[in-house]
Amino acid sequence: MCKKCIDRCTREISTLCPRRRVASAWYDKCRLRYSDHNFSSTVDYSNKYVSGSNEYITDPDRFYMKLVQMMNELASAAASDPSRFATKAVDVNGTSKIFGLVQCTPTLSRGNCYRCLQQQISELRVCCDGKVGGRILGGDCNLRHELYQFYDSRRTLPSTISAPSRTKGWRIKATILAVTISLLTAFAIICMLGYALYWWKRLGKDNQANSSELPVIDLQIIQTATNNFSDANKLGQGGFGPVYKGTLPDGKIVAVKRLGRNSGQGMEEFKNEVKLIVKLQHRNLVRLWGCCLEKDEKLLVYEYMPNTSLDALLFDPAKRGELGWQRRLHIINGIARGLVYLHEDSRLRIIHRDLKASNVLLDHEMNAKISDFGLARIFGGDETEANTSRVVGTYGYMAPEYAMAGLFSVKSDVYSFGVLLLEILSGKRTSSCYFSGHLSGLHTLAWSLWSEDRGLELLDPVIAESCSPVEASRCIHIGLLCVQEDPADRPTMSTVVLMLGSETMSLPNPRQPGFCAGKVIPEPHRLSWASAAYSVNEVTISDVEPR
């Protein structure tokens, strides 16, 4: 069956992809791929969605939760199996089952296989939401789910492939082959060690931040790409330094983050950002292409986002009109899915700790991508929360338990997301509201309006006429659930995604939001708007007054 499929592929590929230097063809039982470059040394995260059915299920939220749980288990099983293949079936509602299959290219490492499959699992909502079956075909991995058994349950995976007969000649040839492979492998390892040692000596110990999967780009190349960091190429100024647009020799357009020598982000944050982001692959996270550590320069090279950051559009009266209601909903959902990946679906549990509008970038299709992982923290094992004496982040977005006691968890990011959600809906900065003589957060105003059944007055006038009142009211409701004072009352981000995607899912009543630690403003004693949003590296708070 395998041979028949490959033979068919071989016959048809030239007709299906005439005169192409790179091509892939997927069939039910096999796949053929060729290219004019070596793709075995890289991981291809690009995906092709193939919906297996136009039928929809009656309870999509329950189905999706079961599906993702099953696929996560399959990803772990396939990554651990030498064949890089796994199947499973789970009950949905007692009367039907979901059958799942995942597979990686056998040449992938265990880690790359798992990351590739996790990337595809995160796309299930996009390709197959509510459908009884679906497929995602990728460059190096693929997955499929159906409500019927589409694979052969009798399939077995032999640990070795035996020849029909073990003659003396065959054993001699096998021995020669084994010795040859061993020698070639040893030679390759020596070459790789020599190459690694060369780069270690060249870049010094500061380059420990670099992952073996992250290219190191010469400073001269980056200087040429950015016209020597000219003002004409400057895209903006971040909390830790300027960002420049650049064009690499291969024509790829990038954004170069240049960390100033006196910036708040030191070597620790630089290493942290490189270490984290190179391991994360998701459509709603910005991608890091490379880095550079030369001549006291600390440079990070990212994919270029032509629509810059969310705050550049959202808080600009001349540009906020580009963010219509549907586009804002799309951005909100993208941010939420990116956080779900960080908190639950990636092989690491990541707490971002500085989620805000300026750290959300927009690509050419206005897809939201979370950026700036310099302050992020990894949680290991069963760890769910941590405490720090060094509070970092941005005023207005910090959860009260973090700002006051240094306690952070995934619920801290949920709080920041809730604030950001209210900003997107209102078009106003959270730290720009003076209410009753105090510098209050946007969530204080939202709660006040919500309590008086005037929640829709919070909306940005740009979208007030075009939005669905029901959808807008639901989004405000979700935002208030995220900014509740007690972290235990806040939903997880996976629950938030379900809330945003369902019109019928009932929502609990929100409790009073967490207070915003701000200083007293003696006058004026009225509601007004300012325009301040400050990033801080270390925060010491005193003279705090609760509402």
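Residues numbered from 1 in each chain as written. Predicted model: local features only at pLDDT ≥ 70, side-chain atom pairs only at ≥ 80, totals over all residues. Heavy atoms only, no water.

Caption draft 1: View of empty space enclosed by the protein. Using the criterion set out here, one finds four cavities of 30 Å³ or more in the structure. Taken as a whole, the second largest cavity spans an internal volume of roughly 80 Å³. Around the second largest cavity sit Arg353, Asp354, Leu355, Thr394, Tyr397, Met398, Ala399, Tyr402, Phe408, Ser412, Asp413 and Ser416, which together line it. Looking at the lining of the second largest cavity, the element that brings in the most residues is helix 11 (residues 410-426), giving three residues. When its residues are assigned to classes, the lining of the second largest cavity shows six nonpolar, three polar and three charged. (1 Å grid on protein atoms, 1.4 Å probe; cavity = no way out; pocket = protein on both sides within 12 Å on 5 of 7 lines; lining within 4 Å. Points joined across faces, edges and corners; volume = space filled by probe spheres on them. Helix = DSSP H or I, 4+ residues; strand = E, 2+ residues; numbered from the N terminus. Nonpolar A, V, L, I, M, F, W, Y, C, P; charged D, E, K, R; others polar.)

Caption draft 2: Fine view of the layout of surface pockets. Taken as a whole, the largest pocket holds about 1,300 Å³ of empty space. A total of four residues in the lining of the largest pocket trace back to one element, the largest contributor, which is strand 7 (residues 141-146). For the lining of the largest pocket, the residue count by class is 18 nonpolar, nine polar and ten charged.

Caption draft 3: Structural context of the sheet that holds strand 6 (residues 134-138). Strand order in the open sheet formed by five strands is 3-6-7-5-4, with antiparallel pairing between adjacent strands. Unpaired on one side and paired on the other, strand 3 (47-50) and strand 4 (85-91) mark the two borders of the sheet. Across the sheet, the mean angle separating the axes of adjacent strands is 10° when strand polarity is ignored. Across four bridges, strand 3 lies against strand 6 in antiparallel orientation. Residue pairing across strands places Asn47 opposite Gly138, the latter belonging to strand 6. Lying over the sheet, helix 3 (residues 110-121) contacts strand 3, strand 5 (97-104), strand 6 and strand 7, oriented at roughly 45° with respect to strand 7. (Pairing = 2+ DSSP bridges. Axes fitted to C-alpha atoms, helices over the stretch in contact; angles between N-to-C directions. Contact = heavy atoms within 4.5 Å.)

Caption draft 4: Focus on the environment of Cys116. Mapped onto the secondary structure, Cys116 falls in helix 3. Taking relative accessible area as the criterion, Cys116 reaches 2% and is therefore assigned buried. The spacing of Cys116 and Cys104 is twelve residues in sequence and 7.9 Å in space, taken between C-alpha atoms. Non-local contacts of Cys116, meaning those with residues more than four positions away in its chain, are made with Asp44, Tyr45, Asp140 and Cys141. (Buried < 20%, exposed > 50% of the residue type's maximum accessible area, 1.4 Å probe, protein only.)

Caption draft 5: Looking closely at the packing of helix 11 against helix 14 (residues 469-482). One can describe the packing of helix 11 onto helix 14 by two numbers: an axis separation of 7 Å at closest approach and a directional angle of 150°. As summarised for this structure, helix 11 and helix 14 are arranged roughly antiparallel, according to the angle between their axes. As helix 11 runs across helix 14, the sense of the crossing is left-handed. Two secondary-structure elements touch here, helix 11 through Val414, Tyr415, Phe417, Gly418, Leu421, Leu422 and Leu425 and helix 14 through Cys475, Ile476, Ile478, Gly479 and Cys482. In the contact of helix 11 with helix 14, the residues fall into ten nonpolar, two polar and no charged. (Parallel < 35°, antiparallel > 145°, perpendicular 65-115°, else oblique. Left-handed = near helix turned anticlockwise from the far one by under 90°.)

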